[in-house]
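Examining the three-dimensional arrangement
If you want the building blocks of each chain, they are given just below.
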Amino acid sequence: MVRPLVLTQTTTRVLDPGELGAALAILESDPVANAFVTARVQAAGLDPWRLGGEMWGWYADGRLRSLCYSGANLVPVCATPEAVRAFADRARRTGRRCSSIVGPAEPTAALWRLLEPSWGPARDIRPHQPLMVTDKVPDDIEPDPYVRRIRKDEVDVIMPACVAMFTEEVGVSPLAGDGGLLYQARVAELVGTGRSFARIEDGKVVFKAEIGAATAKACQIQGVWVAPEYRGRGLSETGMAAVLRFALADVSPVVSLYVNDYNTAARAAYRRVGFREVGAFMSVLF
């Protein structure tokens, strides 16, 4: 008996605000990997103006199956190979509006392969960035008692360290382009929501980190930085232990981060604090 050929009907379009529940169901299927996009959607919904970008959906037989956030970053979410091809087609038609493509390594790599002929070359490609998680404060590392939340009146104190970290990590200054207005607003937002932490000595930041994305199920630490003259003293481990204590007590039951695979010192420090690798991200920087 020959079975009839069944064709799956697929389409890709911008999600309507009324599809919030369906979008969150996909996002929450992997709360760690999707923490960044989930946090944005939970805070702003799906309206592009409030979200700061569009949420693209890939539908199979009328059902939403995959997502792609298209804003300052292009982020595939639970994207199947078919969805990646559809998202790449849409991205080519709209043109590049993002400063990076970032997400789980496999779909991000596939997306970049399809976009590189029209969007390339990239300024930098980081193909393997281990995704690490933990759900406890380490027993054998004493959290730095001097690491604390930054107050709203200390934005000017933390800003130089944030700029130094970003420039060192990304390779360009966040103050370029618009003079740093968007970046300064983001730093102020993290400080204002109590998600910026640092150790300050004599008015200077010697260690800092932020909780960049936060949901009820998982949060993501970013911007970990130690002043160059203080490196090698173990401040990254004790400082991270302190940030973990705050994050696990006040924010989420699981804490994640992702790190460049070539940064062996940072990976070792995170492992000593209790982080374990559960996957990998990839970043394409323009």
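The structure we're discussing is the one just above.
First, a word on scope: everything that follows refers to the structure included in this document. This structure is a prediction, so every number in the text was calculated from the model and none was measured.

Parameters at a glance
Residues numbered from 1 in each chain as written. Predicted model: local features only at pLDDT ≥ 70, side-chain atom pairs only at ≥ 80, totals over all residues. Heavy atoms only, no water. Salt bridge = Lys/Arg side-chain N within 4 Å of Asp/Glu carboxyl O. Phe/Tyr/Trp six-rings, centres within 6.5 Å; stacked < 30°, edge-to-face > 60°. Helix = DSSP H or I, 4+ residues; strand = E, 2+ residues; numbered from the N terminus. Buried < 20%, exposed > 50% of the residue type's maximum accessible area, 1.4 Å probe, protein only. Expected span 1.5 Å × (residues − 1). Contact = heavy atoms within 4.5 Å. Axes fitted to C-alpha atoms, helices over the stretch in contact; angles between N-to-C directions. Parallel < 35°, antiparallel > 145°, perpendicular 65-115°, else oblique. Left-handed = near helix turned anticlockwise from the far one by under 90°. Nonpolar A, V, L, I, M, F, W, Y, C, P; charged D, E, K, R; others polar. Pairing = 2+ DSSP bridges.

1. Overview of the pattern of salt bridges
Taken as a whole, this structure holds 18 salt bridges when the rule is applied. Between Arg126 and Asp124 there is a salt bridge, with the nearest N and O atoms lying 2.9 Å from each other. Through salt bridges with shared partners, a single network forms among Arg148, Arg151, Asp153 and Glu154.

2. Brief notes about the packing of aromatic side chains
Applying the stated criterion across every chain, the model contains eight aromatic pairs. Measuring from centroid to centroid gives 5.6 Å for Trp112 and Phe286, while their planes differ by 65 degrees, and the two rings are edge-to-face. Here Trp112, found in helix α5 (residues 105-119), pairs with Phe286, found in the segment after β12 (276-285); they are 174 residues apart in sequence, far enough to count as distant. The pair formed by Trp112 and Phe286 is uniform in burial state, with each residue classed as buried. Ring plane angle 65 degrees and centroid distance 5.2 Å describe the contact between Phe166 and Tyr183, whose orientation is recorded as edge-to-face. Highlighted residues: Phe166 in helix α6 (residues 155-170) and Tyr183 in helix α7 (residues 181-192), separated in sequence by 17 residues. Since its relative accessible area comes to 24%, Phe166 is described here as partly exposed.

3. Remarks on α7
With 12 residues, α7 extends 16 Å from end C-alpha to end C-alpha; this agrees with the ideal 16 Å at 1.5 Å per step. Against the buried residues of α7 lie α6, β8 (196-201), β9 (204-214) and β10 (219-226). Positive backbone phi, approximately 75 degrees, marks Gly194, located one or two places after α7.

4. Examining the packing of α6 against α7
Angle between the axes and distance between the axes are the two parameters that describe a pair of packed helices. Look at α6 against α7: their axes get within 10 Å of each other, and the N-to-C directions meet at 120 degrees. On the basis of the axis angle, α6 is oblique to α7. The interaxial crossing formed by α6 with α7 has right-handed handedness. On α7, the residues that touch Val155, Ile158, Met159, Cys162, Val163, Met165 and Phe166 of α6 are Tyr183, Gln184, Val187, Ala188 and Val191. Across the contact of α6 with α7, the residue classes break down as 11 nonpolar, one polar and no charged.

5. Looking at the packing of helix α8 (residues 235-250) against helix α9 (residues 264-273)
Running from N to C, α8 and α9 point in directions that differ by 50 degrees, and their axes come no closer than 9 Å. Here α8 is positioned oblique relative to α9, judged by the angle of their axes. Taken as a pair, α8 and α9 cross one another with a handedness that is right-handed. Between α8, through Ser236, Glu237, Met240, Ala241 and Leu244, and α9, the contact on the second element is made entirely by Ala269, Tyr270, Arg272 and Val273. Among the residues making up the contact of α8 with α9, the classes are represented as six nonpolar, one polar and two charged.

6. Considering helix α4 (residues 81-94)
Across its 14 residues, α4 extends 20 Å between first and last C-alpha, which sits within 8% of the 20 Å expected from 1.5 Å per residue. Restricting attention to buried positions, one finds in α4 the residues Ala83, Val84, Ala86, Phe87, Ala88, Arg90 and Ala91. Remark: Gly95 follows α4 within two positions and exhibits a positive phi of approximately 85 degrees.

7. A few points about the pairing of β8
Across two bridges, the pairing between strand β7 (residues 148-149) and β8 is antiparallel. Across the sheet, the residue bridging to Arg148 is Ala198, located in β8. Relative to β9, β8 runs antiparallel, the two being bridged by six bridges. Within β9, the residue paired with Ile200 across the bridge is Val205.

8. Quick notes on the sheet that holds strand β6 (residues 124-134)
Taken in spatial order, the 12 strands make up an open sheet running β1-β2-β3-β4-β5-β12-β6-β11-β10-β9-β8-β7, and their pairing is mixed. Unpaired on one side and paired on the other, β1 (10-14) and β7 mark the two borders of the sheet. Bridge count for β6 against strand β11 (residues 255-258) is four bridges, and the pairing is antiparallel. Across the sheet, residue Val133 finds its bridge partner in β11, namely Ser256. Contacts between α6 and the sheet are confined to β6, β8, β9, β10 and β12, with β9 contributing the most and set at about 75 degrees to the helix.

9. Quick notes on the side chain of Arg195
Tracing the backbone shows Arg195 in the loop between α7 and β8. When neighbours within four sequence positions are excluded, Arg195 is seen to be in contact with Arg186, Leu190, Ala209, Glu210, Ile211, Gly212, Ala213 and Ala214.

10. Notes on the pairing of β6
Across eight bridges, β6 lies against β12 in antiparallel orientation. Considered in β12, the bridge of Asp124 is made with Leu285.

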